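Fold and geometry: a report
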Amino acid sequence: MPAEIADPVTGWGRTAPTAAARLVRPRSYEEAVRAVRDCGTRGGIPRGLGRAYGDAAQNAGGSLIDMTALDRVLSVDAGAGIVECEAGISLHRLMEVLLPLGWFVPVTPGTRHVTVGGAIGSDIHGRNHRASGSFSRHVLSLDLLTADGDVRTVVPGTPLFDATAGGMGLTGVILSATFRLHPVETSLMSVDTERATDLDDLMDRLTTSGRRHRYSVAWIDLLAGGSSLGRSVLTHGEHTTLDTLSAHAARGRGGLGGWGGWGGWGEWGSRGAAARARRQPLAFRPGQLPAAPSYVAQGLLGRTTVGLFNELWYRGAGRRRTGELQRISAFFHPLDGVPHWNRLYGRGGFVRYQFAVGHGQEEALVRIVRRIVRRGFPAPLAVLKRFGAGDPGWLSFPMAGWTLSLDMPTDRTGLGPFLDELDEDVAAAGGRVCLAKDSRLRPELLAAMYPRLDEFRALRAELDPRAVFVSDLSRRLSI
Amino acid sequence: MKDAFGIPQSLLVLGGTSEIALATARRLIARRTRTVWLAGRASSALDAAADHLRAQGADVRTVDFDALDPGSHAEVLGKVFAEGDIDMTLLAFGLLGDQAHDEADPASAVRVAQTNYTGAVSAGLVCAAAMQTQGHGSLVVLSSVAGERARRADFIYGSSKAGLDAFAQGLGDAMYGTGVHVMVVRPGFVRTRTTAGREETPLATTPEAVAVAVELGLRRRSETVWVPGALRVAMSVLRHLPRSLFRRLPV
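Given the structure is predicted, the values throughout are model-derived calculations rather than measurements.

Analysis parameters
- Residues numbered from 1 in each chain as written.
- Chains lettered and ligands numbered in written order.
- Predicted model: local features only at pLDDT ≥ 70, side-chain atom pairs only at ≥ 80, totals over all residues.
- Helix = DSSP H or I, 4+ residues; strand = E, 2+ residues; numbered from the N terminus.
- Rg over C-alpha atoms; globule rule 2.2 N^0.38 Å.
- Buried ≥ 20, exposed ≤ 12 C-beta atoms within 10 Å, placed from the backbone.
- UniProt positions renumbered as here; feature names shortened; annotations may be inferred.
- Contact = placed C-beta atoms within 7 Å.
- Nonpolar A, V, L, I, M, F, W, Y, C, P; charged D, E, K, R; others polar.
- Expected span 1.5 Å × (residues − 1).
- Core = buried A, V, L, I, M, F, W, Y, C linked by C-beta atoms within 7 Å.
- Domains from an automatic or database assignment.
- Pairing = 2+ DSSP bridges.
- Axes fitted to C-alpha atoms, helices over the stretch in contact; angles between N-to-C directions.
- pLDDT = per-residue confidence, 0-100.

1. Focus on the overall build of chain B
Looking only at helices and strands, one finds nine helices and seven strands in chain B. Against the compact-globule benchmark of 18 Å for 251 residues, chain B has a radius of gyration of 17 Å, which places it among compact chains. The dimensions of chain B, computed from C-alpha atoms along their principal axes, are 50 × 35 × 35 Å. A buried classification covers 49% of the 251 residues belonging to chain B.

2. Side note on the UniProt feature "domain: FAD-binding PCMH-type" (unreviewed entry) in chain A
The UniProt entry lists residues 15-184 of chain A under the feature "domain: FAD-binding PCMH-type" (unreviewed entry), expressed in the numbering used here. Strand forms 26% of residues 15-184 of chain A and helix 19%; the C-alpha atoms that close the span are 38 Å apart.

3. Considerations on the interface of chain B and chain A
With 19 residues of chain B in contact, the opposing surface of chain A contributes 25 residues. For the side of chain B that touches chain A, the elements supplying multiple residues, two or more each, are helix H5 (106-134) and helix H7 (207-220) of chain B. Counted by class, the side of chain B that touches chain A contains four nonpolar, eight polar and seven charged residues.

4. Brief notes about helix H9 (residues 303-316) of chain A
Residue and element names in this part refer to chain A. The end-to-end C-alpha separation of H9 is 19 Å, in line with the 20 Å expected for 14 residues at 1.5 Å each. Considering only its buried residues, H9 is in contact with strand S11 (188-196) and strand S13 (232-239). Glycine 318 sits one or two residues past H9 and shows a positive phi near 75°.

5. A word on the nonpolar core
Counting 197 residues, the largest nonpolar core has Val13, Leu14, Leu91, Val141 and Val185 of chain B as its most contacted members. No other element matches the ten residues that H5 of chain B contributes to this core. There are two domains that each give this core at least three residues, and those are domain 1 (73-183) and domain 2 (188-343) of chain A. Filtering out sequence-adjacent residues up to four positions away, valine 13 of chain B remains in contact with Ala21, Ala25, Val36, Trp37, Leu38, Ala39, Leu90 and Ala92 of chain B. Membership of the second largest hydrophobic core comes to nine residues, among which are Leu188, Leu325, Ile328 and Phe331 of chain A.

6. A word on the environment of arginine 221 of chain B
Residue and element names in this part refer to chain B. Mapped onto the elements, arginine 221 comes out in the loop between H7 and strand S7 (224-227). Separated by 149 residues in sequence, arginine 221 and serine 72 place their C-alpha atoms 31 Å apart. Excluding anything up to four places from it in sequence, arginine 221 contacts Gly6 and His181.

7. Let's talk about the sheet that holds strand S7 (residues 139-145) of chain A
All names here are of chain A. In spatial order, the strands read S4-S5-S9-S7-S8; together these five strands make up an open sheet with antiparallel pairing. In the strand order of this sheet, the two ends are held by strand S4 (73-77) and strand S8 (151-154), each with one partner. Averaged over all neighbouring strand pairs, the angle between strand axes comes to 10°, with direction disregarded. Note: S7 against S8, four bridges, orientation antiparallel. Its bridge partner being in S8, aspartate 143 is matched across the sheet by threonine 153. On the sheet, helix H1 (residues 29-37) packs against S7, S8 and strand S9 (173-180) and is oriented at approximately 135° with respect to S9.

8. Remarks on the environment of threonine 108 of chain A
All names here are of chain A. Mapped onto the secondary structure, threonine 108 falls in the loop between strand S6 (103-104) and helix H3 (116-121). Between the C-alpha atom of threonine 108 and that of phenylalanine 355, which follows or precedes it by 247 residues, the distance is 18 Å. Every residue in contact with threonine 108, bar those within four places of it in the chain, is listed here: Leu91, Gly126 and Phe332.

9. Some points on the domain arrangement of chain A
Residue and element names in this part refer to chain A. If you check the domain split of chain A, you get domain 1 (73-183) and domain 2 (188-343). The partner domain 2 presents twelve residues to the 15 residues of domain 1 that form the contact. At the level of elements, helix H2 (91-98) and helix H4 (129-132) are the ones that each hand at least two residues to the side of domain 1 that touches domain 2. Looking at the side of domain 1 that touches domain 2 residue by residue, the class counts come to five nonpolar, six polar and four charged.

10. Quick look at the confidence of the model for chain A
Per-chain confidence: chain A averages 91 in pLDDT, with 94% of residues scoring 70 or above. Across residues 259-270 of chain A, confidence stays below pLDDT 50; counting only partners more than four residues off in sequence or on other chains, it has 29 contacts.

11. Quick word on the confidence of the model for chain B
With 100% of its residues at a pLDDT of 70 or more, chain B has an overall mean of 96. For this predicted complex, the interface confidence comes out at an ipTM of 0.94, alongside a pTM of 0.93.

12. A word on helix H11 (residues 362-375) of chain A
Residues and elements named next belong to chain A. When the terminal C-alpha atoms of H11 are compared, their 20 Å separation across 14 residues agrees well with the 20 Å that a helix rising 1.5 Å per residue should span. Within the sequence span of H11, burial applies to Ala364, Leu365, Ile368, Val369, Ile372 and Val373. Positive phi appears at glycine 376, one or two residues downstream of H11, with a value of about 65°.

13. A few points about the environment of glycine 121 of chain A
Residues and elements named next belong to chain A. Examined against the element boundaries, glycine 121 turns out to sit in helix H3. Remark: the alpha-carbon pair of glycine 121 and aspartate 423, spanning 302 residues in sequence, is separated by 23 Å. Apart from residues lying up to four places away in sequence, glycine 121 is in contact with Gly167, Met168, Gly169 and Ile174.

14. Section: the sheet that holds S13 of chain A
Residue and element names in this part refer to chain A. Strand order in the open sheet formed by eight strands is S14-S11-S13-S12-S16-S17-S15-S18, with antiparallel pairing between adjacent strands. Two strands in the sheet have a free side with no partner beyond their single neighbour: strand S14 (320-327) and strand S18 (432-433). As judged from the two bridges shared by strand S15 (residues 350-358) and S18, these two strands associate in the antiparallel manner. Among the inter-strand pairings, phenylalanine 355 is bridged to a residue of S18, identified as valine 433.

15. Quick word on the pairing of S4 of chain A
Consecutive residues of a regular strand have side chains that alternate between opposite faces of the sheet. Residue and element names in this part refer to chain A. Strand direction decides the pairing type here: S4 and strand S5 (residues 82-86), joined by four bridges, are antiparallel. Across the sheet, serine 75 pairs through a bridge with glutamate 84, a residue of S5. Linking S4 back to S5 in an antiparallel pair, the connection comprises four residues, with glycine 81 at a positive phi of about 75°.

This is how it looks when you write it as structure tokens:
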């Protein structure tokens, strides 16, 4: 396990590159223990697949512990639906292994290319937050390598667990985890799509129809103002049952739909896909388009292109479609169909801004959406979701209420100060921004957004007095 | 740490009384910067600059730094970096000199050259090495359009800036891939106290405009910034003029 000199790295947003002094890729627990022991004076931080948008998995001048070699499935209880695996395995790989056995990960974010360790460290949420909560709610236990070099088995309900879930890797290196899975009969999704004409309509629909569905999300057009403010396309999904699949075939509805189905254009709309789906209901075929080119002109995603795209997206959705079958990849991870899609924002990179506000703060949400629309920053495919109850992690992001997330290229004049103003609004409404996405929050607002920050700091001071676990994020926000 | 827009949280200014540096610091403080080190020769002007930035809300400290004493740079600047990461160093010290006087007095011409070039080489190397150790940081070097092509009217100053500019470009290439970003800023004539009473050249600018350009350059991670931007075009023409013609230009 020789340490390498590391090239500068960034998060998925491609902003603020910094160079670690050492990059180590442990292949066993022993090597991981050694990596933590040899972190050096500027500490270390585990890194998975680099999908955090900001600087959470960067450590300038210190050590980066690349966890992706610890990627084995240790055991699967196919009866009870419980998996034990190493922390560096991706959700993509887990789907490949588990879907044929009739099990699905309990929570998936908008990409499959995150590790289990990252999923717990960021305490990721998905479109089923209302039904299922965040990822760490499904974790039964995890092995945590702490600053003293010990490996501790941590179970839910303990302070160390609640600090580690959403703790951004700052309590230690998660080596493995055991968690519960969700049973599925097929690898397809039954998807209902509807349009909301404005923001009130959208929130009504998410409140009522969202209750009937396991997965719900709204793509919101943040360039449409006036009476169309907040117009959106809502997507609800369920895992398709075998009965639904047969009924679907009997009605003679053939193909699979959805952007990012990418299973080969030939089968688009044909009967072949459905026939194959019936023969192998649990097959996992994500498919891919060519990668985005490494050079993209700055400003490709400007107001005009994004406005056009949003318009087409909204019009193309149709007023209402029900019972459409989509692949899991098309429903959950459309952007995974285009490798390196983050390059499309140009070399300056982009910011993903995600905030949540609680119930009762709908007015604040509307006010913030109005402000964003008025400024007209190009934000393709902004997403609004309704969260269920908050999660126990001290630094977990979700809170019972609403969450909006949007991407914007950093080259927009005035974007930085504008987002600072939004932070103030969000904090004043008792809300917070998501640390796994963050690349720009000011440290002063963190304690207001995360009321249990002091407990987190106290636990960290006791567990890791020499500050072995440090990241650019923890330096920037003085966590 | 810098944020997604390249704005630093901590700033070290070498040449702490420079008007351009203070305008830049003010702008960065308004955005993010909380810790500012002002390095310069101890003077009431340095203290006044520190008070001025404190009033903007920053935590400001001064450090006694003399560009003409390269032997002390490693120790003086080492202490600053030992107190915590520096996200951005602004190398802003420099002497304008008095061309007519300096031509007749080689000793004072050498002072211009030593301050602007030798001092900057020493301080630049010390800061770059410290930033390389911390794995991140921007070194922003205030060069000048005068260094692009030496003019009859200010070739002593111009040649020192030419040396500094070439040094900073090379340093930027040396730092490539280390997480350290070196940005060369080439302003035209800047209206400040130091230049008051001097004849302006075309495309003159202000310290505030330089500060805006620096902020933009940080966001874009630029390697070269011209202030105003039109100078880039103007200078690429002037650079290619024959000597006999260039000599006779009124600028």
